[in-house]
Amino acid sequence: MQTLDSVSAMQALAGELRAAGRTVALVPTMGALHEGHLDLIRLAATRADVVVVSIFVNPTQFGPNEDYTRYPRDLEGDLAKCADAGAHHAFIPTKDALYPPGYSTYVNEESVAKPLEGVSRPAHFRGVTTIVTKLFNIVQPTCAIFGQKDAQQVAVIRKVVTDLHLPVEIVTAPTTRDDDGVALSSRNAYLTPLQRTAAAAIPQTLETVKSMVAKGERRAERLTAEATHLLSQFRQIRIIYIAVVDPLTMQTQREVVPGNSLLAVAVWVEETRLIDNALL
Ligand code: AMP
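In every chain, residue numbers begin from 1 and rise along the written sequence. Restriction of local features to residues with pLDDT of at least 70 applies here, the model being predicted, together with a cutoff of 80 or more for giving and counting side-chain atom pairs; totals for whole chains, interfaces and linings are based on all residues. Side-chain figures throughout are based on the complete set of non-hydrogen atoms in the structure, without hydrogens or water.

Rule in force here: UniProt positions are given in the numbering used here, feature names are shortened, and annotations may be inferred rather than shown by experiment.
Looking at an unreviewed UniProt entry, one finds the chain named Pantothenate synthetase and attributed to Synoicihabitans lomoniglobus. Of the comments in the UniProt record for the chain, the one headed Subunit (unreviewed entry) reads "Homodimer." UniProt, in the comment section headed Pathway (unreviewed entry), describes the chain in these words: "Cofactor biosynthesis; (R)-pantothenate biosynthesis; (R)-pantothenate from (R)-pantoate and beta-alanine: step 1/1."

In structure tokens, the structure reads:
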């Protein structure tokens, strides 16, 4: 696996691959890679000739009081994992290369990004859509792989790709979970064993809601009330939102449309912010 740390080297490689008619799959990550990321890389390898993984802890998607400085970083371990999972190139730009002094251009999606995460993390998606657009311009991928775990992120990126006519196919990968059902996340490293037990209530709650829908319940209010009740049993958990939404627009739905409704959950497990979701 080749490592590239400059924008110009990555752009030169992208040009060569394009000229040679090779398809390219991009997997954007912030590093601290876990099996969820590796599943994305493995999926990417089935979708294109060449897999590029970017590793960059993007400062613009963190709020002022968020965990940018303490976000887990393990570049050496990440590079070994990328190579094992089948990546051909790792793009690891520096913060100054992507955001030099005086940087002032941002990409803003103004509808899908507004509810849910957009309420409690107001500048988050502006950072995500900016970095993803920049990576698309640098890597020029044929397709890009994103995890369903961050369902609103996928929806926002799809909207940007449509609205800005970006020639990239967006591919969604299913959520990879641990044995206790908790969605893998780099932030799980922050959890103590007791907090981890509380976090396991999140996937259990998603399963309960899914079975209520399977039994015929359609009223979003009933489903979110039950989810709230279940998660409130844990004193370590503080609910940020629980909502039944349209998976493309993220607008709340009053009634579940089977196959076209998403239960989206965000909680604080003490000082760790976790999100998860289930298609209903
Ligand atoms: P991150 O490094 O957290 O920015 O995530 C990079 C990519 O990996 C995003 O597309 C995430 O949605 C995806 N991802 C993170 N966790 C998981 C997971 N447990 N299952 C599937 N994809 C994931």
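### Let's talk about the site of the ligand
The test is simple: If a single non-hydrogen atom of a residue is within 4 Å of a molecule or strand, that residue counts as near it. For the purposes of these results, a polar contact is taken to be a pair of N or O atoms within 3.5 Å, where, inside protein, one atom must be able to donate a hydrogen and its partner to accept one; residues adjacent in sequence count only when each atom of the pair is a side-chain atom. Using the Shrake-Rupley algorithm and a 1.4 Å probe, accessible areas are obtained, with residue cover drawn only from the displayed protein chains.
Near the ligand there are 17 residues, and of these His 37, Gly 147, Asp 150, Thr 176 and Leu 184 occur at the shortest range. Here an oxygen atom of the ligand and a backbone polar atom of Gly 147 are 2.9 Å apart. A distance of 2.8 Å separates a nitrogen atom of the ligand from a polar backbone atom of Thr 176. Notes on the ligand: free accessible area 490 Å², of which the protein chains cover 92%.

### Looking at the side chain of Ser 261
Worth spelling out the cut-off: Put simply, DSSP marks the helices as runs of H or I at least four residues long and the strands as runs of E at least two long, and each gets a number from the N terminus on. Here, two residues are considered to be in contact whenever any of their heavy atoms come within 4.5 Å of each other.
Assignment of secondary structure puts Ser 261 in the loop between strand E7 (237–245) and strand E8 (262–269). Polar side-chain contacts of Ser 261 include one of 2.5 Å to the side chain of Gln 253. For Ser 261, the side chain forms a polar contact with the main-chain nitrogen of Val 257, separated by 2.7 Å. Setting aside anything within four residues of it in sequence, one finds Ser 261 in contact with Val 244, Val 245, Pro 247, Gln 253, Glu 255, Val 256, Ala 278, Leu 279 and Leu 280.

### Some details on the sheet that holds strand E3 (residues 50–55)
Put simply, the rule reads: A strand pair is defined by DSSP finding two or more bridges across the two strands. Each axis is a line fitted through C-alpha atoms, and for a helix only the stretch in contact is used; angles between axes span 0 to 180 degrees, taken between their N-to-C directions.
Strands sit in the order E1-E4-E3-E2-E5-E6 across an open sheet of six strands; the sheet is parallel. Whereas interior strands pair on both sides, the edge strands pair on one side only; in this sheet they are strand E1 (2–4) and strand E6 (169–173). The mean angle between the axes of side-by-side strands here comes to 25 degrees, regardless of whether they run parallel or antiparallel. Strand direction decides the pairing type here: E1 and strand E4 (residues 89–91), joined by three bridges, are parallel. Looking at E4, one finds that Thr 3 is bridged to Ala 90. Helix H1 (residues 7–19) contacts E1, strand E2 (24–29), E3 and E4 of the sheet and is inclined by roughly 125 degrees relative to E1.

### Description of the packing of helix H6 (residues 124–139) against helix H7 (residues 151–163)
Applied cut-off: Geometric relationships in this document are graded by angle, where less than 35 degrees denotes roughly parallel, more than 145 denotes roughly antiparallel, 65 to 115 denotes roughly perpendicular, and other angles denote oblique. Left-handed describes a crossing in which the near helix is turned anticlockwise from the far one by less than a right angle; the clockwise case is right-handed. Gly is put with the polar residues, along with every residue not named as nonpolar or charged; the nonpolar set is Ala, Val, Leu, Ile, Met, Phe, Trp, Tyr, Cys and Pro, and the charged set is Asp, Glu, Lys and Arg.
For the pair H6 and H7, the least separation of the axes is 10 Å and the interaxial angle reads 55 degrees. By the criterion of interaxial angle, the relationship of H6 to H7 is oblique. Judged by the sense of rotation from one axis to the other, the crossing of H6 with H7 is right-handed. Residues Phe 125, Val 128, Thr 129, Val 132, Thr 133 and Phe 136 of H6 form the contact with H7, whose participating residues are Gln 152, Gln 153, Val 156, Ile 157, Val 160 and Val 161. Class assignment for the residues of the contact of H6 with H7 results in eight nonpolar, four polar and no charged.

### Quick word on the pairing of E2
Inclusion rule: A 1.4 Å probe rolled over the protein chains alone gives each residue an accessible area, and that area as a share of the maximum for its type sets the label: buried under 20%, exposed over 50%, partly exposed in between. The crossover handedness rule: strands pointing away from the viewer, path from first strand over the helix to second strand clockwise, crossover right-handed.
Burial runs high along E2: six of the six residues are buried. Bridging between E2 and E3 involves six bridges; their strand directions are parallel. Across the sheet, Leu 26 pairs through a bridge with Val 52, a residue of E3. Handedness of the crossover joining E2 and E3 through helix H2 (residues 35–47): right-handed. Pairing analysis gives two bridges linking E2 to strand E5 (residues 143–147), with the strands arranged parallel. Bridging from a neighbouring strand, Leu 26 pairs with Ala 144 of E5.

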